[in-house]
Amino acid sequence: MLTTAEAIRTIQVIPSGKALGADIRGIDLAQPLSEAQITTIREAWQQHLVLRFPNQNHITMAHQSAFSSYFGALDKRPTASYAMSKEHDELPSEITVISNVQIGGKPMGALGDGEAVWHADMTYNEIPPKGACLLAKEVPPTGGNTHFANMFAAYETLPTDLKKRIQGLSCVHDASRNSAGELRLGFVDNTDPRQTVGAVHPLVVAHAQTGLPCLMLGRRRNAYIKGLSLEESEALLDQLWAHATQERFTWTQVWTVGDMVMWDNSCTLHKRDSFDPSTRRLMLRTQIASR
Ligand code: OGA
Ligand code: MN
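Residues numbered from 1 in each chain as written. Chains lettered and ligands numbered in written order. Predicted model: local features only at pLDDT ≥ 70, side-chain atom pairs only at ≥ 80, totals over all residues. Heavy atoms only, no water.

1. Points about helix 3 (residues 61–69)
Consideration 1: Inspection of helix 3 places Gln64, Ser65, Phe67 and Ser68 among the buried residues, and these make up the whole buried set. Relative to the axis of helix 3, the buried residues are bounded by an arc of 165° and lie together on one face.
Consideration 2: Along its buried surface, helix 3 packs onto helix 2 (35–48), strand 3 (50–53), strand 9 (131–138), strand 17 (260–264) and strand 19 (282–288). (Buried < 20%, exposed > 50% of the residue type's maximum accessible area, 1.4 Å probe, protein only. Helix = DSSP H or I, 4+ residues; strand = E, 2+ residues; numbered from the N terminus. Arc of directions from axis to C-beta. Contact = heavy atoms within 4.5 Å.)

The structure is reproduced here in structure tokens:
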């Protein structure tokens, strides 16, 4: 049995050297964590926004849920993905499968094999989730990488006039389609951003834990800045998105089986590359609520 001091010493936080992201080594997510370990991880998460825990392929879904719960209440999986495969009935309700693998011609999970465009999760809700943990169980030999972007850095580096221009402006976040472009159950197809259905959030928000300002863009499709003409809104959003998704604000996760990646959804964007449909990718996800 390690003492607390020894346990902290064994955790290593290794920054990616990019705009966000760090590896956490020297920790086994199948074991209960001490308060000191949780604090170390929480601080590293706040500083690096996305954490990768390598070599966790041995953990069970219950371990993943237990680990995720240290950082907040867990959301239930969305009903849309639940409907996809009846194999889901056997999954704990807080586990979402992200996969292109099919069973009996039906996808086991969400997002397929195509590109998932830049987005933050579920910002079309009034209170979007705080974050998520994604564990790689099977990965394709190439493709399917996940890119993350730092929205503190994106805000900080905006030209002063643009910062002033967006202060006080709010944007509607489209709920109708997921990041893979699929129309969600119960939504009508809409191509006029002025008709978009979804929550409205300020373009600049203060981070719940640190109070630091970050850009909140959500997703580009059907976004609309309230109070502007459609043309002005489109032009301003194009400018903000081009700025925020520059490579210098990003870090790319090239998956190895057993990697668990945890992101702060309130101050980052992510996107996933497509991959060869004849290969398998299987990920398990927990989502941490902002409560
Ligand atoms: C998600 C997501 C990307 C990936 O689970 O919210 O966007 O790499 N996943 O599977
Ligand atoms: Mn996502």
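2. Considerations on the site of ligand 1
Consideration 1: Looking at ligand 1, the residues that line it are Ile98, Leu111, His119, Asp121, Leu134, Thr146, Trp263, His270, Arg272, Arg281 and Arg285.
Consideration 2: Separating an oxygen atom of ligand 1 from a side-chain N or O atom of His119 is a distance of 3.2 Å.
Consideration 3: Taking Arg281, its side chain carries an N or O atom lying 2.7 Å from an oxygen atom of ligand 1.
Consideration 4: If ligand 1 stood free it would expose 290 Å²; the protein chains cover 98% of that surface.
Consideration 5: Across the shell around ligand 1, the residue classes tally to four nonpolar, three polar and four charged. (Near = heavy atom within 4 Å. Polar contact = N/O pair within 3.5 Å; in protein donor to acceptor, adjacent residues only side chain to side chain. Areas by Shrake-Rupley, 256 points an atom, 1.4 Å probe, with all protein chains shown as cover. Nonpolar A, V, L, I, M, F, W, Y, C, P; charged D, E, K, R; others polar.)

3. Thoughts on the confidence of the model for the protein
Consideration 1: Put simply, the protein has an average pLDDT of 94, and 94% of its residues get 70 or more.
Consideration 2: When pLDDT is averaged over each helix and strand of the protein, the minimum, 62, is found for helix 4 (residues 79–82) and the maximum, 99, for strand 3. (pLDDT = per-residue confidence, 0-100.)

4. What to know about the coordination of the manganese ion (ligand 2)
Consideration 1: Only His119 (NE2), Asp121 (OD) and His270 (NE2) from the protein reach the manganese ion (ligand 2) as donors, at distances of 2.1 Å.
Consideration 2: Sequence spacing of the donors to the manganese ion (ligand 2): H-x1-D-x148-H. Pair noted here: His119 is in strand 8 (residues 116–119) and His270 is in strand 18 (residues 268–272), with a separation of 151 residues, a long-range link. (Donors = N, O, S within 2.8 Å, 3.2 Å for Na, K, Ca; no water.)

5. A word on the packing of aromatic side chains
Consideration 1: According to the stated counting rule, one finds six aromatic pairs in the structure shown.
Consideration 2: Consider the rings of Tyr70 and Phe71, whose centres lie 6.5 Å apart with planes at 85°: the pair is edge-to-face.
Consideration 3: For Phe71, a relative accessible area of 10% corresponds to the buried category.
Consideration 4: On the basis of an interplanar angle of 45° and a centroid distance of 5.6 Å, the ring pair of Phe148 and Trp263 is categorised as tilted. Placement of the pair is Phe148 in strand 10 (residues 146–150) and Trp263 in strand 17, with a sequence separation of 115 residues.
Consideration 5: Its relative accessible area of 0% is what places Phe148 among the buried residues.
Consideration 6: Through pairs of rings, three or more aromatic residues link up here, namely Trp45, Phe53, Phe67, Tyr70 and Phe71.
Consideration 7: Positioned above the aromatic ring of Trp45, the side-chain terminus of Lys130 is 5.1 Å from the ring centre. (Phe/Tyr/Trp six-rings, centres within 6.5 Å; stacked < 30°, edge-to-face > 60°. Lys NZ or Arg CZ within 6 Å of the ring centre and 35° of its normal.)

6. Brief notes about a nonpolar patch on the surface
Consideration 1: A cluster of nonpolar residues, Leu183, Phe187 and Val197, forms a patch on the protein surface that exposes about 240 Å² of accessible area.
Consideration 2: Looking at the element boundaries, Phe187 is found in the loop between strand 11 (170–172) and strand 12 (200–202). (Patch = residues over 30% accessible without salt bridge, like charges linked within 9 Å, V, L, I, M, F, W, Y side chains within 5 Å. Salt bridge = Lys/Arg side-chain N within 4 Å of Asp/Glu carboxyl O.)

7. So, the environment of Asp113
Consideration 1: Within the element layout of this structure, Asp113 appears in the loop between strand 7 (110–111) and strand 8.
Consideration 2: A relative accessible area of 27% means that Asp113 is categorised as partly exposed.
Consideration 3: Note: C-alpha distance between Asp113 and Arg281 (168 residues apart in sequence) is 8.1 Å.

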